[in-house]
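Below, each chain spelled out in residue letters.
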Amino acid sequence: MSAHPGDAPLTAANNIQPFFVLHKAAAAAASSVPSSRTRRRIDASLPSSPNPKSAKRPRDVDAQDEEDSELYEQLRLEAFHRIWSRIQSTIDEVLRGINLKLFDQVLQWVQESFSAIRAVAKPCHDEVRQPYPLLTDVICRRIPTAFVLTKNAEFVDDITTFRDLAGHLQSSGCHLAKLSAAEFSVKHGIGGCFRSLLRQLLSDVPDVADVSALASWYCEAENYDQPIIVIIDDLEQCSGDVLGELVMMLSEWVIKIPIFFVMGIATTLDAPKKLLSSEALQQLEPCKLTLGSPSDRMNALVEAILVKPCAGFCISHEVTMFLRNYFFRHDGTITSFISALKLACSKHFSMEPLSFLCMGVLEEDCEEFWHDKFEALPQVIQKYAFALPSCTSATNLSHSSNDMVKGLCTLLKLQKDWSSVLLCMYEAGRHDKVQLLDIFCEAVNPDLQTQNVSNAEPPVFKLNIEKLSGMKSGSGKVYMAQVMNAIRYLPMETLLHVLEVWSIHLRGMSEINDKVKELQSTTIDADTARATKEKWNRRSTGSTGNATAPLNEKVALLLQDITRKYLVPVECLPFHEIICFKNVGVLQSALIGNPRRMVQLDLLKSQSHLKCSCCSRTGTALSGSLHDTSIMCNLAQEYGDVINLHDWYISFEGIINSRNSKVKRKSYSSPSKKKSKSTPPESEAMIQTRFCRAVTEMQITGLLRMTSKRRPDLVQRITFGP
Amino acid sequence: MSQPVTPRRTTRSSAGSASDPASPSKSRPKSTPRRQLIPAASKEEEGEDERSAINALLEALPGRRAQASDLLRLLAPAPALPLLLYGGAATGKTRALLLALRHIRPRPRRVAYAALRSLPSPRALFASLLSQLSPPPSSSASSRQRVPDKPSDFVAALRDALASLCAQGEAVYLVFDNLEVVRSWDKGGQLLALILRLHDLLRLPQVVLVYVSSATPDAYYSMTGSVEPNHIYFPDYAVDEVRDILMRGHSNPKLYTSFLSVALKPLFRVTRRVDELGAALEPLFRRYCEPLGDLKAVPDESTKRRLFEHIQPHLAVALNETFSVPMRASVDQCKDGNSGVKASTKRQFGSRDSLSTELEFHMSVSAKYLLLSAFLASRNLATLDAALFDSTGGSDNHKRKRKSSQASMNMKDTMVEEMLMKGPGTFPLERLLAIFQCITSVSEDALNDVECPDSMMNGSGMTGLMSDVLLQLSTLCNSNFLSKSRSCPLEGAARYRSNIDEDLALKVARSVSFPLSKYIYRR
Amino acid sequence: MAAAAPVASQAQAVLRGRLCDPGFVHSALRSSPDTNYSKLKYLVASSVSEACNNSVLLLGPRGCGKAAVVDMVLEDLKKEHPDAISVIRLNGMLHSDDNCATKEIARQLCLEHQLSFSKMASSDDNTEFIIDMLRECGLAHKTILFILEEFDLFAQGKQRLLYSLLDAMQSLTSQAVVIGVSCRLDADQLLEKRVRSRFSHRKLLFVPSSLEDTQRLVEHLLILANDSGLPAKYIMDYNSRLTNIFSDKKFKGILNSLMDADATTSNILRFLFRAVSYMDMESGFLSMESFVKALSSMQRQPKMDSLQDLSILELYILVCMHRLEDKEQSSYNFTSIMKEYRSIQDAYKTSDKYTSTVCFRAFEHLLDRELISFGDNRGRNQALEYRPVKLLVSSRELAQSLKLNTTCPAVLQKLFDRERYM
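These numbers come from a predicted model, not from an experiment.

A word on the overall build of chain A. When helices and strands are counted, chain A shows 38 helices and 10 strands. The burial tally for chain A puts 56% of its 722 residues in the buried class. The long-range fraction of contacts in chain A, counting pairs at least 24 apart against all pairs at least 6 apart in sequence, stands at 77%. Roughly 30,300 Å² of accessible area belongs to chain A as shown, and the carbon and sulfur atoms make up 59% of that amount.

Another aspect to go through is the overall build of chain C. Per the secondary structure count, chain C includes 21 helices and 8 strands. Its C-alpha atoms give chain C a radius of gyration of 29 Å, clearly above 22 Å, the size a compact globule of 422 residues would have. Principal-axis analysis of the C-alpha atoms places the extent of chain C at approximately 90 × 65 × 35 Å. Here chain C, with 422 residues, has 54% of them falling under the buried criterion. Summarising the internal contacts of chain C: among those between residues at least 6 apart in sequence, 71% fall at separations of at least 24. For chain C, the computed accessible surface area is about 18,800 Å², with 55% contributed by carbon and sulfur atoms. The averaged location of the 52 negative side-chain charges in chain C is 4 Å from the averaged location of its 52 positive side-chain charges.

A few words on the sheet that holds strand β3 (residues 143-149) of chain C. Residues and elements named next belong to chain C. Taken together, the 5 strands give an open sheet; going across it, the order is β2-β3-β4-β1-β5, and neighbouring strands pair in parallel fashion. Each of the sheet's edge strands pairs with one partner strand only, and the pair in question is β2 (85-91) and β5 (202-205). Each strand of the sheet is rotated relative to its neighbour by a mean of 20°, with strand direction disregarded. Relative to β5, strand β1 (residues 54-59) runs parallel, the two sharing 4 bridges. Bridge pairing in β5 places leucine 58 opposite leucine 204.

On the chain C side, the residues contacting the 4 residues of chain A number 4 residues. Of the roughly 290 Å² buried where chain A meets chain C, counting both sides, 32% is carbon and sulfur surface. Together, Asp241, Ser278 and Glu279 of chain A form the three largest contributors to the area buried by chain A at its contact with chain C, with a combined 79%. Where chain A touches chain C, the interface holds 0 salt bridges. Between chain A and chain C we count 1 residue pair in polar contact (both at pLDDT 80 or more) in total. Its residues placed into classes, the side of chain A that touches chain C shows no nonpolar, 2 polar and 2 charged.

Residue and element names in this part refer to chain B. Strands sit in the order β6-β8-β7 across an open sheet of 3 strands; the sheet is antiparallel. Strands with a single pairing partner mark the edges of an open sheet, and in this sheet they are β6 (426-428) and β7 (482-484). On average, adjacent strands in this sheet sit at an angle of 35° to one another, irrespective of strand direction. In terms of strand pairing, β6 meets strand β8 (residues 495-498) through 3 bridges, oriented antiparallel. When the bridges of β8 are listed, phenylalanine 427 appears paired with tyrosine 496. On top of the sheet, helix α23 (residues 469-478) reaches β7 and β8; it is set at about 100° to β7, its chief contact.

Inspection of every chain in the model, using the stated rule, returns 48 salt bridges over all chains. A salt bridge links glutamate 252 of chain A to arginine 117 of chain B, with the shortest nitrogen-to-oxygen separation between them at 3.7 Å. Here the residue glutamate 252 of chain A occupies a position in the loop between α11 (240-251) and β4 (259-265), and arginine 117 of chain B occupies one in the loop between β2 (110-115) and α6 (122-133), the pair thus bridging two chains. In this structure, aspartate 71 of chain C engages arginine 89 of chain C in a salt bridge whose closest nitrogen and oxygen atoms are separated by 2.5 Å. Here aspartate 71 of chain C, found in helix α4 (residues 66-80), pairs with arginine 89 of chain C, found in strand β2; they are 18 residues apart in sequence, far enough to count as distant. Classification of arginine 89 of chain C as partly exposed rests on a relative accessible area of 28%. When salt bridges that share partners are traced, they join Arg141 and Glu252 of chain A together with Arg117 and Glu180 of chain B into one network.

Quick reminder: α-helices carry 3.6 residues per turn. Residues three or four places apart thus point the same way. Where helix α9 (residues 160-170) of chain C is concerned, the buried positions are Leu161, Leu162, Leu165, Leu166, Ala168 and Met169 of chain C. Taken around the axis of α9 of chain C, the buried residues stretch over an arc of 155°, which confines them to a single face.

Residues and elements named next belong to chain A. Formed by 109 residues in total, the largest nonpolar core has its most connected members in Leu323, Leu354, Trp370, Met404, Trp502 and Ile578. Top contributing element to this core by residue count: helix α21 (residues 401-430), with 14 residues. In contact with isoleucine 578, other than residues within four places in its own chain, are His348, Glu352, Leu354, Ser355, Leu357, Cys358, Leu388, Met404 and Leu408. One finds Leu149, Phe162, Cys238 and Val262 within the second-largest nonpolar core, a separate group that totals 78 residues.

Time to look at the confidence of the model for chain A. All names here are of chain A. On average, residues of chain A score 75 in pLDDT, and 76% of them are at 70 or above. By mean pLDDT, helix α2 (residues 21-31) is the weakest element of chain A at 33, and strand β3 (residues 228-232) is the strongest at 94. Predicted confidence for residues 1-59 stays below pLDDT 50, and this span has 69 contacts to residues more than four positions away or in other chains. Scored below 50 in pLDDT, residues 531-548 makes 12 contacts in the model with residues more than four places away or belonging to other chains.

Residue and element names in this part refer to chain B. Counting through the fold element by element, arginine 105 comes out in the loop between α5 (93-103) and β2. The class of arginine 105 is buried, set by a relative accessible area of 13%. In sequence terms arginine 105 and leucine 72 are 33 residues apart; their C-alpha atoms lie 8.9 Å from each other.

Analysis parameters
- Residues numbered from 1 in each chain as written.
- Chains lettered and ligands numbered in written order.
- Predicted model: local features only at pLDDT ≥ 70, side-chain atom pairs only at ≥ 80, totals over all residues.
- Heavy atoms only, no water.
- Helix = DSSP H or I, 4+ residues; strand = E, 2+ residues; numbered from the N terminus.
- Buried < 20%, exposed > 50% of the residue type's maximum accessible area, 1.4 Å probe, protein only.
- Contact = heavy atoms within 4.5 Å.
- Areas by Shrake-Rupley, 256 points an atom, 1.4 Å probe, with all protein chains shown as cover.
- Rg over C-alpha atoms; globule rule 2.2 N^0.38 Å.
- Lys, Arg positive; Asp, Glu negative; His and termini not counted.
- Charge placed at Lys NZ, Arg CZ, Asp CG, Glu CD.
- Pairing = 2+ DSSP bridges.
- Axes fitted to C-alpha atoms, helices over the stretch in contact; angles between N-to-C directions.
- Buried area = accessible area lost by both parts, 1.4 Å probe.
- Salt bridge = Lys/Arg side-chain N within 4 Å of Asp/Glu carboxyl O.
- Polar contact = N/O pair within 3.5 Å; in protein donor to acceptor, adjacent residues only side chain to side chain.
- Nonpolar A, V, L, I, M, F, W, Y, C, P; charged D, E, K, R; others polar.
- Arc of directions from axis to C-beta.
- Core = buried A, V, L, I, M, F, W, Y, C linked by side-chain atoms within 4.5 Å.
- pLDDT = per-residue confidence, 0-100.

If you want it as structure tokens, here you go:
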């Protein structure tokens, strides 16, 4: 974020940098771990990095290549940091933009209810301090409470949201306290949570925490004229009794001390009804606020990051599908989606040798950038570049830098067109509740291209669409077809609106924009004529189609046309490997790990990790010098889903003793010396303790668990198979 | 904490406003006429203001004539036995007491009020009482150190404070409000005995103890002190009294009466608590006024009839909901906001348990399946799993359950009873996972045609779902759909219970197009 | 008579003062022979004069004037032997904990003998100090009176305090009297063996007074003496009216019904207090009405009252529960109640068919009013609607309240009766 404005001048200064800066910088960058915290340093090293190649040109390549490799690795690292920081900043502002609407609503609500409370009574200070309730007209004192529905069962995404909300409210002058479910525990009771409430508001908390302390604090001049907001971000996890008590207690005082609640609800409004007694609910004056649903956020993110090439990095169809399914199937949190994306990005830059060229997108003059970058490339990599599968498919490339640069430029250009067309399509589909992510998945599908070439008017799975809408996994062109249909039945004014937006999206592509323009012009006079018809059209829905047909048809045709022309998936373009991440397998293994299984495998194959001399010889046969746990784990393989502890122990003991005897025979086998020294002949008790410890470890790592109390002599295996 | 001591020689007016509990007269310029009326009464000459005081009280306490006069008689001249005000919630006990304390002659030297609900602990109670009785300056700094936590110390301190106050033979009133909550405190019994026996412990005739409780006196017999307090009973309000209360301070009484004549009686059959009635009636009245142009107009018969027609359906809704949460329409979405409201009301007309078919919140598919399987696990008996899940379901403990299922099928009605009694049953993690596997494997084929043919799809398909199932489980526990009973991290012997109701489960099932009803064991 | 009001209020003030002053209430005992007062006084006085140790228990239900008798005795003794006694008062409710008891004793001893008391002293120091003081006082022929109110509460726990006290009293040098006051008639049975063996088993039993005594008491309390600075004329016709009332049959009836409920002195006092505060200020005299009103206000039945306060829906739920109980259903909870309720509503098509949320709120109201309660006090983890519940009102009360309730729909009455007679 802070880095980007700084970028341009620095990179402009590239060419006049003396190259000796490089090594220092390289050292600095190399020493820096790839984390967003160290971006500052990397940016410091940034200006110098391009030069060396221009400097290094005269010297022969092969002597240099290991230095090159290290250099390019470092370049890629830097590229990753810059690009990811760009993406990250985009994400942040998108999400902030979404949240801001809610925040303003909350603030407005706070002000309204504060004025409402003050309208009832405006107690003077010593009235507030008095322990008695104020005698007013209100029949029941109720605490204004905003239920914020974060429409996601997963809570992760909303932690930051509520933190920002707190900041927002505080900045606008409210007193703020955040209570979490931890405070609302039955163990600490009402006293505990009230004390922590005070601790957040008062400077010094008296040893007896009761409301009067709060009252006298509130009476201080600087505190007096703002409401106190209490944010409880995870309502479901609170203990209902304690929360109810708190509500009852504060409701007695709400007119004197305006305390409002903001409660985050992950699921539905039934949660508070289930949680609180009707007595306590009676004391709340609720109102409902909703956060943008995850899919909305997702759409916004996809548009900002993936569709608009904000930082020349994109992902292939497979990866998209994988991420998408990961989002919908496993945990629908934006957070994990983003982290997955980050993972993909880092993988891309670590694996793809040419990936550092992505930086070019961030440069203001990418052609030149690519040019001298490519000039600097050693032969090996240049060859590699033209050996990219995408290029081999493409014809007549003389392996010169110009082709490369041209290729990349066309790539970018086509990407732009692609994205704008996609956005047009989304704009059209939005009225039919088509999710951008779905269209995106179809748009990046490489066999879309083939379909386009053999342009089959997409078959309309109208019946499927409903069925799919539950379990989204876009295949073929289902959603696109849906969009097409949607256009055909759009009412006039929305259609006009759509065209408006199109002309904005398509600004880059003049000829299509003209078409849109003239379409609009036709519609303008058309709909004046059709204005009368519109009415009964809407009444008789059946005839809507043919009534507005000619125009809708035109628009649909236009869309189809541009789709066919410009909606070229990135994977069908030469050089796309440079900017596009394709390797699903890596991502998948990184995201959906199977920890237990991994633990078990490592335990079984511990020799291969340790590479110790003693075990390598013995090979498959278990040697006693292994770690106890891995011995046990190996032994466990022989049993079924329950293991008889005694047998297990016997075989364990056998192995240990055999090793000990071995040790005794040749008393100087280096690695196991110390161990054997500590326990010359392994005592029974010692073995038993080792056994127990090993069992406990396996239990803790989740490979074992105790069976019922009735069978103390058995344990149960949880993981199976090597 | 407590208002300053007012020496008798101050002018009566200042004494009047300063020494009565919550007198708004001077401090609050813009106060309703009724509120000003009370100090006005209290400013009159002591001789004949008995009547006017009573009138003022009755003015302020509709439907509480008997209680008010009793209060005045029993509280009044200083040596008095302890007094217990009891009656249901929201019957105006505290209000009546506070107003009465303003009116009694001779004026109380000091009123110490402790609402036990807003005092989380005995220490807090002691602290607040002592700080109200001892003059503020000393209490602010020094009393922080010496807050007594033993009852004996407290009584000693209290006696000292009171003795110094009562020296001139003026009355001090100790009020204990929400007495009933103390019973639920730990060692509440002892504290309650202490509070109720203060009269004996203190042996100060000038100190009058007043207890306010929503629990009936016999709740305290077990622990009561020798001197039982005199009781004053506050019954719940009758219909007309409620009407009087609601009518107060309304701009257009005619309109409101016509409204109440429609709405009050039906609601009154459901609940008699004024606060609940008030809360329910307020939004109704806003609806009632919707068709009207100006709210000042006095409605004639035809308008009344029209309004009645208008309000009828909304009244039906209001009768059947305890807690209505209005959607907040922000400035930009005002127009679709009210349309949304209409839609919701329409939905409620149809039938209150007609569920809006879509799920309001996002949940990952695997979590949904896990939730469904949890629902099934706690709804069906374990012995029926084998019967309900077909053998393709691949639940490993299959043949073991086969024969027992037959036996359990024919003793169903007894099970029905205990289902009704026990509610959703608990289940171990293994069973949950087994059912989860069945469901997912069953719905696998349903998914496959949807899934795109890529190789990796199957990788992250339902088989992939198994991987982070424990994460999903924790999610469900956090969002209170599952409750985890006895958890021991090492041996996974925790048992779970799903506490979601059927229609939510149905919603979830619909969202993943899963035939839930096939698997629920119908009684 | 406009001037009546101030006079009357003065009279009222005087009467209230009397009623609230236990000393005055029981002062009648002084004159009369062989009451507990005289016994206790003899006992203590003798042990003071003979300089010996002694211990006695005053047992009897609450509000029979045990504490008052003790006070009177102490008062007299203070007059008779001004410097031979020193009094230590403990209350079981405050000082049942041994440490704070010893501390309190030490404090009071210091107070009595103008010694400086250190808050910091450990309980062992305090105990030693007490022993020393006992010996000292014994040597100085000064009797220490220990008044242990709520004696039974001292008997809880290890009874270390009692033991150390009584044990110290075994030595001849010491000179102390322990007077235990308790409302538990079996208070001495609570003592451990080692304590009981050291306790002399003198017990004075206090019983609620008979009708005659009560009448005497009432007269003693209400008849104004001539020296109570009120106008003599007023006093005269006040007393004459009062004697008329006392001689009235109706008044005897009132007293009887009052004493059937509770014959303790404190109850009488409460009654009289109400009567006095109901004295009407116009005439300025106690009238029969005030007594009647006082009695009626004394004889409330809280359960019936709160049954009268129920809304129709709440009554429905009560009746449903009652039906379930009549069906010998072993245990039932909210869900089964709802089942019953639904069946009733379907059978009779009444207008009172509400959703279960509303019914649950009514159910919670009943819980708050303590007309019903949960059968078990475990089940925190379980949802409320599945916890078994039980009625706390008898079917007689329920029937009566249904009859009294004017708004109660006929159907409900029918439902109730029907299942009672079949």
